[in-house]
Amino acid sequence: RLKRMEGGVGALPDKPDSTGGTIRKLISSGVPIDSIHSSLTSQLTELILTAHPTEVNRKTILNHTSNVQNLLSEADDVRYDGSAYMKDNVDDRMRASIKSIWTSDEVSRFKPTVQSEASRGTVVVGSVLWGAVPSFLRKLDSEMVSSMGEG
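Sequence order sets the numbering: in each chain, residues are counted from 1 along the sequence as written. Local features are withheld for residues below a pLDDT of 70 in this predicted model, meaning they are given only at 70 or higher, and side-chain atom pairs are given and counted only at 80 or more; totals for whole chains, interfaces and linings count all residues. Calculation of side-chain values draws on the structure's entire complement of heavy atoms; hydrogens and water are dropped beforehand.

Below, the discussion takes up the overall build of the chain. Along the backbone of the chain there are six helices and zero strands. Helices (α) and strands (β) of the chain occur, in sequence order from the N terminus, as α-α-α-α-α-α. Buried, partly exposed and exposed residues are distinguished by accessible area as a fraction of the type maximum, computed with a 1.4 Å probe on protein chains only: under 20%, between the cut-offs, and over 50%, respectively. Counting all 151 residues of the chain, 18% fall into the buried class. We call two residues in contact whenever any of their non-hydrogen atoms come within 4.5 Å of each other. Expressed as a percentage of contacts within the chain between residues at least 6 apart in sequence, the contacts between residues at least 24 apart total 70%. By the criteria applied, helices consist of DSSP H or I runs no shorter than four residues and strands consist of E runs no shorter than two, each listed in order from the N terminus.

Structure representation (structure tokens):
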């Protein structure tokens, strides 16, 4: 993962299906930069929550998954420069987080009410979207500046 990131140019890896790769492909195919910029900066996104979100993850699962993601980044940092203790420590914490996910009870034993499902749906917004959307927008802005000279 680290070697792939080091090989990239710009804010995002240069892949045909990535934001950065798509912007570069549009520019190289002759689409005017002003048109690309206008299209990207005028997008609207609306969040729609249904009354019965049946695929809502429990907050504990979201927390453990986020923790695993953080530990993977930490493992990348200590892989080459960290001590044996630091590497073992990250490995142990990773095992504990993964074990917690595997042993958790994702299946509800009782039929949830509409209110409890809606409440869990807001957990997804707070746990996932609240961090993911701003992160993606920062990456997109960085790629726009890198590729087009303006964000």
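Next, the rest of the story.
Our focus in this paragraph is the nonpolar core. Counting five residues, the largest nonpolar core is built from Ile23, Ile36, Leu140, Met144 and Met148. Counting residues per element, this core draws most heavily on helix α6 (residues 114-148), which supplies three residues. With sequence-adjacent residues up to four places away left out, Met148 is seen in contact with Ile23, Ile27, Ile33, Ile36, His37, Leu40 and Glu143. Nonpolar cores were defined as sets of buried Ala, Val, Leu, Ile, Met, Phe, Trp, Tyr and Cys residues, with membership established by side-chain atoms within 4.5 Å.

As a further point, take the pattern of salt bridges. A side-chain nitrogen of Lys or Arg and a carboxyl oxygen of Asp or Glu constitute a salt bridge if their distance falls within 4 Å. Applying the stated criterion across every chain, the model contains four salt bridges. Glu74 is paired through a salt bridge with Arg93; the nearest N and O atoms lie 2.5 Å apart. On the criterion of sequence distance, the pair formed by Glu74 in helix α4 (residues 59-81) and Arg93 in helix α5 (residues 84-103) is long-range, its members being 19 residues apart. By relative accessible area, which is 29% here, Glu74 ends up partly exposed. Judged by relative accessible area, which is 32%, Arg93 ranks as partly exposed. Between Arg79 and Asp76 there is a salt bridge whose closest N-O contact spans 3.0 Å. Residue Arg79 and its partner Asp76 are located together in helix α4, separated by three residues, close to a single helical turn.

Let us now look at a nonpolar patch on the surface. Like charges are joined within 9 Å and nonpolar side chains (Val, Leu, Ile, Met, Phe, Trp, Tyr) within 5 Å, but only among residues with over 30% relative accessible area and no salt bridge; these make up the patches. Using a 1.4 Å probe, accessible areas were evaluated by the Shrake-Rupley method; residue-level cover was limited to the displayed protein chains. Nonpolar side chains collect at one region of the surface, where Leu47, Leu129, Val133, Phe136 and Leu137 lie side by side and expose about 440 Å² of accessible area between them. Relative to the helices and strands, Phe136 is located in helix α6. Given the relative accessible area of 40%, Phe136 is considered partly exposed.

In this section: α5. Multiply 1.5 Å by the residue count of a helix minus one, and that product is the helix's expected span. Across its 20 residues, α5 extends 28 Å between first and last C-alpha, which sits within 8% of the 28 Å expected from 1.5 Å per residue. For α5, the full list of buried residues reads Val90, Met94 and Ser97. One side of α5 holds all its buried residues, which, seen down the axis, span an arc of 65°. Turned more than 90 degrees off the buried face of α5, the exposed positions are Ala84, Tyr85, Arg95, Lys99, Trp102 and Thr103. Throughout, the arc means the angular range of directions from the helix axis out to the C-beta atoms.

Time to look at the confidence of the model for the chain. Summary of the metric used: pLDDT quantifies the predictor's per-residue confidence within the range 0 to 100. Mean pLDDT for the chain: 76, with 72% of residues reaching 70 or above. Taken element by element, the chain is modelled with least confidence in helix α1 (residues 2-7), mean pLDDT 49, and with most confidence in helix α3 (residues 33-41), mean pLDDT 92. Considering only residues more than four positions removed or in separate chains, one finds that residues 1-5, a stretch of pLDDT under 50, has six contacts. The model gives residues 8-12 a pLDDT under 50, and that stretch makes eleven contacts with residues more than four places away or in other chains.

Mapped onto the secondary structure, Ser97 falls in helix α5. With a relative accessible area of 6%, Ser97 lands in the buried category. Within the structure, Ser97 has its side chain in polar contact with the side chain of Asn67 (distance 2.5 Å). With near-sequence residues (within four places) excluded, Ser97 lies in contact with His64, Asn67, Val68 and Leu71. Under this definition, polar contacts are N or O atom pairs within 3.5 Å; protein pairs additionally need one hydrogen-donor-capable and one acceptor-capable atom, and for neighbouring residues in sequence, both atoms have to be side-chain atoms.

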